[in-house]
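Letter by letter, the chains look like this.
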Amino acid sequence: MTDTRDLQQVRDDIDAIDQEIQRLINRRAECAQRVAEIKLAEVLAAQERGEDPGEVVYYRPEREAQVLQRIKERNGGPLDAATVAHIFREVMSACLALERPLQVAYLGPEGTFTQAAALKHFGHAALCVSQPTIDAVFAQVESGECNYGVVPVENSTEGMVSHTLDNFMDSSLKIAGEVEMRISHHLLVAPGTGAAQVTRICAHQQALAQCRNWLDRHWPGVEREAVSSNGEAARLAAHTPGVAAVAGDMAAEWYHLDRLAEHIEDYPDNTTRFLVVGREEVPPSGRDKTSLIVSSRNRPGALFDLLDPFRRAGVSLTRIDTRPSRTEKWAYVFFIEFEGHMQDDTIRGIVAELEEQSILLKPLGSYPRAVL
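Values in this document were obtained by computation on a predicted structure and should not be read as measured data.

## Looking at the overall build of the protein chain
Logical step 1: Scanning the protein chain from terminus to terminus reveals 12 helices and 15 strands.
Logical step 2: C-alpha extents for the protein chain along the principal axes are approximately 75 × 65 × 40 Å.
Logical step 3: Across the 372 residues that make up the protein chain, the buried fraction comes to 47%.
Logical step 4: Carbon together with sulfur atoms contributes 50% to the accessible area of the protein chain, which is approximately 19100 Å² in total.
Logical step 5: Positive and negative side-chain charges in the protein chain, numbering 39 and 55 respectively, have mean positions lying 3 Å apart.

Here it is in structure tokens:
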């Protein structure tokens, strides 16, 4: 028999703790407001001295990465570290919005994994703005209409998103962060749609590829159509009879779709990485990556010569990919990603060596490694 007095005491303890948590969250929010006041006062003081204060920086990627990392390191349970960090991510997002809500462009429409990645990185207090293409995401940030953008760059089973890499060739934007998302696909249909009524399955080409084996086994005779995004596929499924979409949880909720099948991806560890792009360089956080584009002269051993400085310095490469050069036939540029920050002495030495032997070297930015 349950001891109701003990249960009631525990409930009273929870109520008291909730009140204390609420008080502390609002105290933190007051500190955030004070930060905004201090920054604004510094701008006004600089203007009075006749100096150009530049744009007020409210969001500091390296600072937030450091805070979240410390939260995970000091967590003692019973909640796991990632769960606690996600809770603090939302608290930080709400507090930042008191200073200035961030506008974040993402590859849409609504319900895409890119939108989910934007919310994971910036929290639900950010103002997420859907864009039809990766080009449009870059344009919105370059013009200043949005503070940051989020674009897909790599999937663990299907490789790099080439269009994202191509945009970096001509853009002045810098990488300001990364987001990793575990991707789980479902087969979604409008309410009341049965399996026998499905005549077409739509999804982004990457999603179709990630579920190819499952679709071959279970839906071998049904037409598959690649569309601009999984969000667009979900929109079609909601409004077009006979269409099923391969998409995720957010799309299912956003478009009020039913699930004919769940977790249909071919590999259970299917993960997509997204990049956060902005206009400013990010200072070191202590756990950073750097990305750059480099092209060398077309000669034997050219790639070895580009990679050897990293080996000699003991710097780990986390990604290398190639894209065709736009200026020379059968020539290529290399997208290289590695651990460390451009301000590190070791990385500076490597970059100096690369500059001597390359015909193009474009740093894309140093940024905190994914924390959540």
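## Remarks on the pattern of salt bridges
Logical step 1: Within this structure, the stated rule accounts for 23 salt bridges.
Logical step 2: Residue Arg-89 pairs with Glu-64 through a salt bridge whose shortest N-O separation is 2.7 Å. Here Arg-89, found in helix α3 (residues 81-99), pairs with Glu-64, found in helix α2 (residues 61-74); they are 25 residues apart in sequence, far enough to count as distant. Here the two residues Arg-89 and Glu-64 agree in accessibility, since each one is buried.
Logical step 3: When salt bridges that share partners are traced, they join Glu-154, Glu-178, Arg-273, Lys-289, Arg-319, Asp-321 and Glu-337 into one network.

## A short note on helix α5 (residues 134-142)
Logical step 1: When α5 is considered as a whole, its buried residues turn out to be Ile-134, Ala-136, Val-137, Phe-138 and Val-141.
Logical step 2: Buried residues belonging to α5 abut β1 (103-107), β2 (127-131), β3 (148-155), α6 (162-170) and β11 (271-278).
Logical step 3: Of the residues trailing α5, Gly-144 is marked for its positive phi of about 90 degrees.

## Focus: the packing of aromatic side chains
Logical step 1: Applying the stated criterion across every chain yields a total of five aromatic pairs.
Logical step 2: When the ring of Phe-310 is compared with that of Phe-338, the centres are 4.9 Å apart and the planes differ by 55 degrees; the resulting orientation is tilted. Residue Phe-310 is found in helix α11 (residues 302-313), and its partner Phe-338 is found in strand β14 (residues 332-339); the two are separated by 28 residues along the sequence. With respect to burial, Phe-310 and Phe-338 carry one shared label: buried.
Logical step 3: Taken together, the aromatic side chains of Tyr-59, Phe-122 and Tyr-148 make up a single cluster linked through ring pairs.

## Quick word on the pairing of β14
Logical step 1: Within β14, six of the eight residues are buried, which leaves the element mostly enclosed by the surrounding structure.
Logical step 2: As judged from the six bridges shared by strand β12 (residues 288-296) and β14, these two strands associate in the antiparallel manner. Directly across from Ser-291, in β14, lies its bridge partner Glu-337.
Logical step 3: Across seven bridges, the pairing between strand β13 (residues 317-324) and β14 is antiparallel. Counterpart to Thr-322 in the pairing with β14 is Phe-334.

## Comments concerning the sheet that holds strand β8 (residues 223-227)
Logical step 1: Judged by pairing direction, the sheet is mixed, and its five strands sit side by side in the order β8-β7-β9-β6-β10 without closing on themselves. Each having just a single partner strand, β8 and β10 (258-261) make up the two edges of the open sheet. This sheet shows a mean twist of 35 degrees between the axes of neighbouring strands, independent of strand direction.
Logical step 2: Note: strand β6 (residues 186-189) against strand β9 (residues 243-247), three bridges, orientation antiparallel. Each bridged residue has a counterpart across the sheet, and for His-186 the counterpart in β9 is Ala-247.

Here is what the cut-offs are and how they apply
- Residues numbered from 1 in each chain as written.
- Predicted model: local features only at pLDDT ≥ 70, side-chain atom pairs only at ≥ 80, totals over all residues.
- Heavy atoms only, no water.
- Helix = DSSP H or I, 4+ residues; strand = E, 2+ residues; numbered from the N terminus.
- Buried < 20%, exposed > 50% of the residue type's maximum accessible area, 1.4 Å probe, protein only.
- Areas by Shrake-Rupley, 256 points an atom, 1.4 Å probe, with all protein chains shown as cover.
- Lys, Arg positive; Asp, Glu negative; His and termini not counted.
- Charge placed at Lys NZ, Arg CZ, Asp CG, Glu CD.
- Salt bridge = Lys/Arg side-chain N within 4 Å of Asp/Glu carboxyl O.
- Contact = heavy atoms within 4.5 Å.
- Phe/Tyr/Trp six-rings, centres within 6.5 Å; stacked < 30°, edge-to-face > 60°.
- Pairing = 2+ DSSP bridges.
- Axes fitted to C-alpha atoms, helices over the stretch in contact; angles between N-to-C directions.

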